[in-house]
Amino acid sequence: MCGIVGAVAQRDITPILLQGLKRLEYRGYDSCGVAVHSDGELRRARSTQRVAELESQVQREHLSGFTGIAHTRWATHGAPATHNAHPHFSGQGKGVARIALVHNGIIENYEELRTELQAVGYVFESQTDTEVIAHLIDHLYGGDLFEAVQQATRRLNGAYAIAVFCRDEPHRVVGARHGSPLVVGRGKNENFLASDALALAGTTDQIIYLEDGDIVDLQLARVWIVDVDGHSVEREVHTVHIHTGAAELGPYRHYMQKEIFEQPRAVGDTLQAIESITPELFGDGAYKVFKNIDNLLILACGTSYYAGLTARYWIESIAKIPVNVEIASEYRYRDSVPNPRTLVVTISQSGETADTLAALKHARGLGMENTLTICNVATSAMVRECKLSYITRAGVEIGVASTKAFTTQLTALFLLTLALAQANGRLSDEEEAEQLKALRHLPVAIGAVLALEPQIMAWADRFATKENALFLGRGMHYPIALEGALKLKEISYIHAEAYPAGELKHGPLALVTEHMPVVTIAPRDGLLEKLKSNMQEVHARGGELYVFADADTKIGSSDGIHVIRMPEHYGKLSPILHTIPLQLLAYHTACARGTDVDKPRNLAKSVTVE
Ligand code: HGA
């Protein structure tokens, strides 16, 4: 989603702003822009193309300055057009621009504010909700930008992270956050703002994570933060070592491919060197929490939601604790019956997913205080908000379509299953040893599945000519079918649906003809014979089956049935392994169709708006 960078320094900051935007490109965006304070006036460049094009524009127009802000926009209000791109200026109606502002989030009361500001003479040049903030700050400005921002934010409903500067205060940038992420980077006689620490890698590693409601005053030698109650606060400065190599492609064609192939390492790192299963892997006091709950409520969105659905099968079967899994954006708005003995589990790669954060707060508001998050970013809002956490160690994920984040979430959720089972006396020493052995074998097992790539590429060429596909799975592989279908639609734009195979005859079988590829996940489990019957139902109607079958399933290739054999059977961890070929199928199909794999149309990463 949107990326923000801001800087106040005693050197030209445009290279820092542009470098920051490049590092935020992975979030997905449809336009970008930069504004600087230059010789007493505000100047900006905006583009609906890539940051590299914006950079050329900046060079052509000799844009430079000591103070500035920059933005990548993922449009929510108003088309992705240059006039809607940030930074937005205010003050034009009265001559020259005075305020420059970038924003991440959605202002829900923007229509009311727009009418009010138009009535006092402000002329709007965009269709964004953002522009009202710029005009509101200009309207309230009485010589102190910080004060104007403080007053303006009191009028805003919705979510925002903003960075703003003013023509009349050349060495000052003010930032504020409420619901969207924003960090401060501290330097020597220079300071920075950004949506995440990665944007500032190479510029500073001294990072302050702002809290919701914070407003920050950034000057050359001062960072002053005021909290939601208007009190001056000190926030901890973290030294954050960002591995900038994450942003390098190496021998791969796309980040998605790189990240698929990083999974043995990512899963291995997520498992760390765990010697034994203990609830404390999830934080101090986890044992007490796990002993005192009688059910789980998993809240997540998108791919993370599918990780939650898979975990339900594991937890109910191994730990024998009832589990509900809900889409966060639904849960937060529906009337539900709270149970204080629920363990609320949120799953989010970034830990900033707006809907999941709001769902978590909603659950807490209903009196459910036992909270745990599975998250890839240790410093994120989600980790700070939850009592317990497990940090996956996927590393920075740049491809918009999640791959290694998903398999590491599954790994962490399997550990959670075992820890819950242990706390409730359902994990014998032998079982623990056996499951740990299986977990340690995972990186090697994933490596063996990755070696199937050439066979999958041959299938992908055929898929590339299709416009529809069905994915089938049963039991704990049904969520994996959902994830496989999501991957294919996200990056290849082929319409794909997933069904539990037993559900086929209740409707989707009507879609099956010789033109419909049906991807089937066929592990050797208790449902195999049932699944084979479902496959026959497809075959009998001329559907083309593409089956990922475990080695010993005795499913052979024949006319209309194509089989790729998985190297071995993985027991309870099978969903993790069966995910890999589906990622590769989606990836190579998208490559064959020539789509922008890492930046699929209309999508963004770190979904920080509702
Ligand atoms: N609502 C603003 C900003 C959108 C955003 O934060 N996207 O991630 C706009 O549409 O410009």
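Here is what the cut-offs are and how they apply
- Counting restarts for each chain: residues are numbered from 1 in the order of the written sequence.
- Where totals are concerned, whole chains, interfaces and linings use all residues; where local detail is concerned, this predicted model gives features only for residues with pLDDT of at least 70, and gives and counts side-chain atom pairs only at 80 or more.
- Side-chain figures throughout are based on the complete set of non-hydrogen atoms in the structure, without hydrogens or water.
- UniProt positions are given in the numbering used here, feature names are shortened, and annotations may be inferred rather than shown by experiment.
- Think of it this way: one heavy atom of a residue within 4 Å of a molecule or strand is enough to make that residue near it.
- By the criterion applied in these results, polar contacts are pairs of N or O atoms within 3.5 Å in which, for protein atoms, one can donate a hydrogen and the other can accept it, and in which residues neighboring in sequence qualify only through two side-chain atoms.
- Using a 1.4 Å probe, the Shrake-Rupley method yields the accessible areas, and only the shown protein chains count as cover for residues.
- Each helix is a run of DSSP H or I of at least 4 residues and each strand a run of E of at least 2, with the numbering of both proceeding from the N terminus.
- All residues other than Ala, Val, Leu, Ile, Met, Phe, Trp, Tyr, Cys, Pro, Asp, Glu, Lys and Arg, Gly among them, are scored as polar; the first ten of these are nonpolar and the last four charged.
- Only buried residues count toward a nonpolar core, which is a set of Ala, Val, Leu, Ile, Met, Phe, Trp, Tyr and Cys residues joined through side-chain atoms within 4.5 Å.
- Partly exposed residues are those whose accessible area sits between 20% and 50% of the maximum for their type, while under 20% is buried and over 50% is exposed, using a 1.4 Å probe and protein chains only.
- Contacts are assigned to residue pairs that have any heavy atoms within 4.5 Å of one another.
- By the convention used here, strands pair only if DSSP detects at least 2 bridges between them.
- In this analysis an axis means a line fitted to C-alpha atoms, helices contributing only their contacting stretch, and an angle means the value between N-to-C directions, from 0 to 180 degrees.
- Two distance rules govern patches: like charges are joined within 9 Å, and nonpolar side chains (Val, Leu, Ile, Met, Phe, Trp, Tyr) within 5 Å, applied only to residues with over 30% relative accessible area and no salt bridge.
- Counted as salt bridges are all cases of a side-chain nitrogen of Lys or Arg within 4 Å of a carboxyl oxygen of Asp or Glu.
- Think of it this way: Lys and Arg go in the positive column, Asp and Glu in the negative one, and His and the chain ends go nowhere.
- Every charge is mapped onto a representative atom, which is NZ of Lys, CZ of Arg, CG of Asp or CD of Glu.

With an unreviewed UniProt entry as reference, the protein chain is termed Glutamine--fructose-6-phosphate aminotransferase [isomerizing], source organism Paralcaligenes ureilyticus. As stated in UniProt under Subunit (unreviewed entry), the record for the protein chain gives "Homodimer." For the record of the protein chain, the UniProt heading Function (unreviewed entry) holds the text "Catalyzes the first step in hexosamine metabolism, converting fructose-6P into glucosamine-6P using glutamine as a nitrogen source."

Asks: Honestly, the site of the ligand in this entry has me stumped. Any pointers?
Replies: Near the ligand, the surroundings consist of 15 residues, among which C2, R73, T76, N104 and G105 are the closest. One nitrogen or oxygen atom from the main chain of W74 is found 2.8 Å from a nitrogen atom belonging to the ligand. Contact with the protein chains hides 100% of the accessible area of the ligand, taken as 320 Å² for the molecule alone. The element that contributes the greatest number of residues to the shell around the ligand is strand β6 (residues 99–107), accounting for 3 residues. Tallied by class, the residues present in the shell around the ligand amount to 5 nonpolar, 8 polar and 2 charged.

Asks: Explain the nonpolar core to me, please; I cannot follow it from the model alone.
Replies: Soluble globular proteins tend to pack their nonpolar side chains together in the buried interior. With 91 residues, the main nonpolar core has F282, F290, L296, L420 and F471 as its most contacted residues. Counting residues per element, this core draws most heavily on helix α13 (residues 404–423), which supplies 12 residues. Not counting the four nearest positions on each side in its chain, F471 is found in contact with A481, G484, A485, L488, A496, E497, A498, Y499, V519 and L582.

Asks: Can you help me understand the sheet that holds strand β3 (residues 41–47) in this one?
Replies: Either a parallel or an antiparallel arrangement is found when strands of a sheet pair, and the pairing is made through backbone hydrogen bonds. Strand order in the open sheet formed by 8 strands is β3-β2-β4-β1-β10-β9-β11-β15, and the pairing between neighbours is antiparallel. Where the open sheet ends on each side, the last strands, each with one partner, are β3 and β15 (238–239). Two strands pair when backbone bridges link them, and strand β2 (residues 31–38) and β3 are joined in this way by 7 bridges, in the antiparallel orientation. When the sheet's bridge partners are listed, H37 is paired in β3 with L42. The sheet contacts of helix α1 (residues 14–24) involve β1 (3–8), β2, β4 (67–73) and β10 (191–194), and relative to β1 the element is tilted by about 160°. Most of the contacts of helix α2 (residues 51–60) go to β3, to which it runs at about 140°, and overall it touches β2, β3 and β4.

Asks: What should I look at first to understand a negative patch on the surface in this one?
Replies: A cluster of acidic residues, D429, E430, E431 and E434, forms a negative patch at the surface. Looking at the element boundaries, E434 is found in helix α14 (residues 429–450).

Asks: Quick question: what am I supposed to make of unusual backbone geometry here?
Replies: For residues that are not glycine, phi is negative in most cases, and the peptide bond is trans in most cases. Residues H86 and P87 are joined by a peptide bond in cis, for which omega reads 0°. Of note, P87 is situated in the loop between β4 and β5 (88–90). In the Ramachandran plot, Q272 falls in the positive-phi region, its phi being about 45° despite a non-glycine side chain. For Q272, a relative accessible area of 41% puts it in the partly exposed group. Located in the positive-phi region is Y493, a residue other than glycine, with phi close to 65°.

Asks: Whenever I open this one, the environment of S389 confuses me. Can you help?
Replies: You can see S389 is positioned in strand β20 (residues 388–391). Each C-alpha atom, one on S389 and one on D552, is 38 Å from the other, the two residues being 163 residues apart in sequence. Sequence-distant contacts of S389, that is, excluding residues within four places in its chain, are made with L281, F282, G283, L372, T373 and V383.

Asks: Please clarify how the sheet that holds strand β23 (residues 517–522) should be interpreted in this entry.
Replies: The 5 strands lie next to each other as β22-β21-β23-β24-β25, forming an open sheet whose pairing is parallel. With one partner strand each, in any of the chains shown, β22 (495–500) and β25 (561–566) form the two edges of the open sheet. Geometrically, the sheet is characterised by an average inter-axis angle of 20° between neighbouring strands, direction not taken into account. The sheet contact formed by strand β24 (residues 544–550) and β25 spans 6 bridges and is parallel. By the bridge assignment for β25, L545 is matched with I561.

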